[in-house]
Amino acid sequence: MNGTIRVGNLFGIPFYIHPSWFLVLGLVTWSYSSGLAVQFPQLSAGLALLLGLMTALMLFASVVAHELGHSFVAIRQGIDVKSITLFIFGGLASLEKESKTPGEAFWVAIAGPIVSLILCGIVTAIGVTTAASGPLAAILGVLASVNLALALFNLIPGLPLDGGNILKSIVWKVTGNPYKGVTFASRVGQIFGWVAILSGVLPLLLFGNSGNFWNLLIGFFLLQNAGNSAQFARVQEKLTGLTAEDVVTHDSPIVSANLTLREFADERVISGQNWHRFLVTDDDGQLVGAIAVDNLRTIPTALWSETQVKEVMRPITESTTVQSDQPLLEVMQLLEQQKLSVLPVIRENGVLIGILEKAAIIQLLQSRTQPNPA
């Protein structure tokens, strides 16, 4: 999520806060402090505000616990959790990849609501067993009811909510196709999005009352994210079964490390090839580095005939290469994460096959989207 602020780690998981969270923190603090001040007039304004802030922070701690529930189950399945982020609509645990089976996906999805229900039960039990009264009882009541609402709201069967992921796993189990599960759950999520929008607008249109602003925000949030999920599922389905080697660029810019700079310039640069950067291989065809056309400027022209490419090339780290049999979907995600447009493709023994361009993946997706001519 763009613009987030990293505030530390939770059990080794990077923890971020979106700036929108501070707005919600302020609104929740003000709302609950005002409610406490009305309900308990003996409270001073400062104490009511402090209790409101503590309540708001405990509510968001409940959201974090909800996301940790998803995260811990995912980690037990061998899935890395990239981050947990708090934002205007709650929290989001970003997982490295999907679960391998519909059963595993089900447990990752339902873990969050289970944690919220457990918290609701614990807080309720504390209130009952301690016979809490006054502001403490009111705060415990709010924590219990919000955790219950958090669990029930997230169980709505539409993406991107937990209930949508549960529905996705069920459809996946029935059809054997995870992408059909995502598509179906996304459509249901879009329906709930429209329902939320209408519930926010209709009171204004029919009765002249003020519309529900939060319902509108939630509706647009569901619509956008459900649509994105469906679109990504379509991309995943089109790339299924393809590997990095399937999209390697023909006539990739590759040169031998033993070429002189003069030979390199004559054969590759002056000959009309429009590449600005070339991959360098040794006698066995293994990738050893890269050389850019601009690197030629660092060597006087008079020395080009006695200077070899390997003396000027820059090394390439393994992290910037992909294996030839690596699923194309993983490669696309890597390109997005690292903000790259090109990656070298190598075999297991280090032999270079060529380059894979992001534009080639996009072109492949476009070609598979276009209808076949009659």
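Below you will find a few notes about this structure. Counting restarts for each chain, with residues numbered from 1 along the sequence as it is written. Per-residue local features are limited, in this predicted model, to residues with pLDDT of at least 70; the limit for side-chain atom pairs, both in listing and counting, is 80 or more; totals at the level of whole chains, interfaces and linings are taken over all residues. To get the side-chain values, all heavy atoms of the structure are used, and hydrogens and water are removed first.

**Things to note about the pattern of salt bridges**
Salt bridge, as applied in this entry: a Lys or Arg side-chain nitrogen positioned within 4 Å of an Asp or Glu carboxyl oxygen. Enumeration according to the criterion identifies 4 salt bridges in this entry. Lys168 is the partner of Glu98 in a salt bridge, and the nearest nitrogen-oxygen pair spans 3.0 Å. With a gap of 70 residues between them, Glu98 in the loop between strand 4 (90-95) and helix 3 (102-129) and Lys168 in helix 5 (residues 162-175) connect regions that are remote in the sequence. For Arg297, the salt bridge is made with Asp294, and the minimal N-O distance between the two is 3.7 Å. Residue classification places Arg297 among the exposed positions, given a relative accessible area of 72%. In this scheme, a residue with accessible area under 20% of its type's maximum is buried, one over 50% is exposed, and one in between is partly exposed, where area comes from a 1.4 Å probe on protein chains only. A residue is classified by how much of its surface remains accessible, and Asp294, at 47% relative accessible area, is partly exposed. In this description a helix means any DSSP run of H or I spanning at least four residues, a strand means any run of E spanning at least two, and both kinds are numbered starting from the N terminus.

**Comments concerning helix 4 (residues 134-154)**
Given a helix with a known number of residues, its expected span is that number minus one, times 1.5 Å. Under the 1.5 Å per step criterion, the end-to-end length of helix 4 is 31 Å for 21 residues, consistent within 8% with the ideal 30 Å. Looking at helix 4, one finds that the buried residues are Ala138, Ile139, Leu140, Val142, Leu143, Ala144, Asn147, Leu150, Ala151 and Asn154. Buried residues in helix 4 make contact with helix 1 (19-39), helix 2 (45-76), helix 3 and helix 5. Note on definitions: a residue-residue contact is assigned when non-hydrogen atoms from the two residues lie within 4.5 Å.

**Things to note about the pairing of strand 2 (residues 13-17)**
Summarising burial for strand 2: 4 of the 5 residues are buried, a large majority. The pairing criterion for strands is at least two bridges between them, as found by DSSP. Inspection of the sheet shows strand 1 (residues 5-10) paired to strand 2 by 5 bridges, in the antiparallel sense. Along strand 2, the bridge assignment pairs Asn9 with Pro14. Hairpin connection from strand 1 to strand 2: 2 residues lie between these consecutive antiparallel strands, with Phe11 at a positive phi of about 55°. Bridge count for strand 2 against strand 3 (residues 81-87) is 3 bridges, and the pairing is parallel. When the sheet's bridge partners are listed, Tyr16 is paired in strand 3 with Thr85.

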